[in-house]
Amino acid sequence: MRLSLWRRYSFPASHRLFRAEWSAEQNDRIFGKCANPYSHGHNYELEVAVTGPVDPATGMIANLADLDSFVQRKVLDAFDHAYMNEQIPEFRECVPTTENVCRVIFQRLAGFPRAHIEGVRIEETGKNSFEYAAPSNP
Amino acid sequence: MIRVTRKLEFSAAHFYHNPDLSAEENRRVFGKCNNPHGHGHNYILEVTVAGEPDPKTGMVLDLRELKEIFDREVTQRMDHRHLNYEVPELAGKIPTCEEIATVLWRILEPKIRQGRLDRIRLYESPDLFVDCTADGMKDAR
Ligand SMILES: [Zn+2]
């Protein structure tokens, strides 16, 4: 049996999907409405999974207070109400699709000292969700 | 292979306290959950069974039988109970989501005879839940 603890957070943020080196038509063709120059936003629902042994003294894989403050510091402080294209440095190099947001958030959380970050899952809207799993088991 | 998931809900009370730690230590580690008067949750349990459908019935398992297992093993044991005092399997443990899910896995796994238990997901709230999965020995880290 394997145990994972999931914790859910949410943050509103905005983005625009486009590549500066492409023409307006090409951006429009690939990204559709998401290329709108004024950008748009979502209420992102973020789920973070951690795994590891349960500490018998606390009954926990990780203390939620530790996990919450780590996620706050590494992710929410930067992403909450941000225009991701300009305010999240990782998106100077890549398009802030939710696939890439998953990967960037995973990378920011990977150093959590108390347990192994197993994956992240993001609901961009009630209809779209994306999941990023750690490349291999520890 | 097909996975079948059935859901049930139960309400229970708990609090977190480790008698080996001082009062201050308990408050520091467990925060509000240390309040000895306890508090409660509406737990939601999702049980997933994996298997091949029987060619005659088209079913992986008889859901009525699963419902009976739920009633007997989960509802009677945990619904409207105080998890610190009334569930022998949790005696001496801190009744966190991790520990409750582990107990439920150990209780349910041998009871599922058609198909095999693939996953249980226990929600303490929409923002906090635990998955137990049948993943062999990978938890030995
Ligand atoms: Zn609680």
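Residues numbered from 1 in each chain as written. Chains lettered and ligands numbered in written order. Predicted model: local features only at pLDDT ≥ 70, side-chain atom pairs only at ≥ 80, totals over all residues. Heavy atoms only, no water.

## Some remarks on the interface of chain B and chain A
Then comes step 1: Between chain B and chain A, the contact holds 24 residues from the first and 25 residues from the second.
Then comes step 2: At the junction of chain B with chain A, the criterion picks out 10 residue pairs in polar contact (both at pLDDT 80 or more).
Then comes step 3: Listed by contribution, the elements that provide at least two residues to the side of chain B that touches chain A are α1 (23–30), α3 (97–108) and β5 (128–133) of chain B.
Then comes step 4: Per-element accounting of the side of chain B that touches chain A gives the leading share, six residues, to β5 of chain B.
Then comes step 5: Among the residues making up the side of chain B that touches chain A, the classes are represented as 10 nonpolar, five polar and nine charged.
Then comes step 6: Inspection of the sheet shows strand β1 (residues 2–15) of chain A paired to β5 of chain B by six bridges, in the antiparallel sense. Within the sheet, the bridge partner assigned to S4 of chain A lies in β5 of chain B and is D131 of chain B. (Contact = heavy atoms within 4.5 Å. Polar contact = N/O pair within 3.5 Å; in protein donor to acceptor, adjacent residues only side chain to side chain. Helix = DSSP H or I, 4+ residues; strand = E, 2+ residues; numbered from the N terminus. Nonpolar A, V, L, I, M, F, W, Y, C, P; charged D, E, K, R; others polar. Pairing = 2+ DSSP bridges.)

## As for the coordination of the zinc ion
By definition of the ideal shapes, four donors in a tetrahedron about a metal sit 109.5 degrees apart, and six donors in an octahedron sit 90 or 180 degrees apart.
Residues and elements named next belong to chain B.
Then comes step 1: Each protein donor to the zinc ion is listed here as H14 (NE2), H39 (NE2) and H41 (NE2); together their distances run 2.0 Å.
Then comes step 2: If you list the donors of the zinc ion from N- to C-terminus, the spacing comes out as H-x24-H-x1-H. Of the two residues, H14 sits in strand β1 (residues 2–14) while H41 sits in strand β2 (residues 39–51), which places them 27 residues apart along the sequence. Each member of the pair, H14 as well as H41, is classed as buried. (Donors = N, O, S within 2.8 Å, 3.2 Å for Na, K, Ca; no water. Buried < 20%, exposed > 50% of the residue type's maximum accessible area, 1.4 Å probe, protein only.)

## Things to note about the side chain of N26 of chain B
All names here are of chain B.
Then comes step 1: Topologically, N26 is positioned in helix α1.
Then comes step 2: The exposure class of N26 is buried, given its relative accessible area of 0%.
Then comes step 3: A distance of 3.2 Å separates a polar atom in the side chain of N26 from the backbone oxygen of L21.

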